[in-house]
Amino acid sequence: MEIAVFQRLMEQTYGKRNRGRGVPATVACLAEETGELARAARKGSAAQQLHELGDVLAWLAALANQLGLSLEDAAARYRDGCPLCSLSPCDCPP
Ligand SMILES: [Zn+2]
């Protein structure tokens with residue numbers, strides 16, 4: 001699924017409900033899910049990691065929708081390689 005299609009799907013599925021909660025609550029949910037992803041990445045199964053990746057993506061799309069911004073536009077920052085050195089793979093010092 002393309003990122004813009006996913007973002008529209010999240011708007012259709014949760015947009016109204018999430019707007020009712022407000023941006024700070026959405027940011028809190030994104031942070032919470034990011035914490036769960038961090039835990040799953042460290043000691044979860046592949047199925048748990050996939051589950052948490054999906055939740056983080058969903059809340060990221062929800063936040064973008066509430067801010068009126070496009071995840072596709074956000075991803076474009078990396079379209080031409082590393083935004084700092086413009087290379088792919090990146091050649092920035094570690
Ligand atoms: Zn770089």
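The structure we're discussing is the one just above.
This is a predicted model, so every value here is computed, not measured.

**Considerations on the overall build of the chain**
Across its full length, the chain holds four helices and zero strands. Reading the chain from its N terminus to its C terminus gives the helix and strand order α-α-α-α. By principal-axis analysis of the C-alpha atoms, the chain measures approximately 45 × 35 × 25 Å. In the chain, the proportion of contacts linking residues at least 24 apart, taken out of those at least 6 apart, comes to 57%. When the accessible area of the chain is evaluated, it comes to approximately 6,700 Å², of which 58% is carbon and sulfur surface.

**Concerning the coordination of the zinc ion**
In the first shell of the zinc ion, the protein supplies Cys 82 (SG), Cys 85 (SG), Cys 90 (SG) and Cys 92 (SG), at 2.2 to 2.4 Å from the metal. The site at the zinc ion holds four donor atoms, and with the angles between them running 103 to 116 degrees, its shape is tetrahedral. In primary sequence terms, the donor set of the zinc ion follows C-x2-C-x4-C-x1-C.

**Some words on the packing of helix H1 (residues 3-21) against helix H3 (residues 46-67)**
Contact geometry of H1 with H3 gives a least axis separation of 8 Å together with a crossing angle of 70 degrees. Classified by the angle between their axes, H1 and H3 sit roughly perpendicular to one another. H3 is crossed by H1, and the crossing has right-handed handedness. Side by side, H1 and H3 meet where Phe 6, Gln 7, Met 10, Glu 11, Asn 18, Arg 19 and Arg 21 of the first sit next to Leu 57, Ala 58, Trp 59, Ala 61, Ala 62, Ala 64, Asn 65 and Gln 66 of the second. Class assignment for the residues of the contact of H1 with H3 results in eight nonpolar, four polar and three charged.

**Observations regarding the environment of Glu 52**
On the secondary structure map, Glu 52 appears in helix H3. In this structure, the C-alpha to C-alpha distance between Glu 52 and Cys 82, residues 30 residues apart in sequence, is 26 Å. Ignoring any residue separated from it by four or fewer positions in sequence, one finds Glu 52 in contact with Glu 33, Glu 36, Leu 37 and Ala 40.

**Quick look at H1**
The end-to-end C-alpha separation of H1 is 23 Å, well short of the 27 Å expected for 19 residues at 1.5 Å each. The largest bend in H1 amounts to roughly 70 degrees and is located at Tyr 14. Listed as buried for H1 are Ala 4, Phe 6, Gln 7, Met 10, Gly 15 and Asn 18.

**Observations concerning the side chain of Asn 65**
Here Asn 65 lies in helix H3. The buried category is assigned to Asn 65, whose relative accessible area is 18%. A distance of 2.9 Å separates the side chain of Asn 65 from the side chain of Gln 7, its partner in a polar contact.

Parameters and conventions
Residues numbered from 1 in each chain as written. Predicted model: local features only at pLDDT ≥ 70, side-chain atom pairs only at ≥ 80, totals over all residues. Heavy atoms only, no water. Helix = DSSP H or I, 4+ residues; strand = E, 2+ residues; numbered from the N terminus. Contact = heavy atoms within 4.5 Å. Areas by Shrake-Rupley, 256 points an atom, 1.4 Å probe, with all protein chains shown as cover. Donors = N, O, S within 2.8 Å, 3.2 Å for Na, K, Ca; no water. Tetrahedral: all angles 85-135°; square planar, octahedral: opposite > 155°, others 65-115°. Axes fitted to C-alpha atoms, helices over the stretch in contact; angles between N-to-C directions. Parallel < 35°, antiparallel > 145°, perpendicular 65-115°, else oblique. Left-handed = near helix turned anticlockwise from the far one by under 90°. Nonpolar A, V, L, I, M, F, W, Y, C, P; charged D, E, K, R; others polar. Expected span 1.5 Å × (residues − 1). Bend = angle between axes of the 7 residues up to and from the residue. Buried < 20%, exposed > 50% of the residue type's maximum accessible area, 1.4 Å probe, protein only. Polar contact = N/O pair within 3.5 Å; in protein donor to acceptor, adjacent residues only side chain to side chain.

Purely spatial values, then, with no claim about function.
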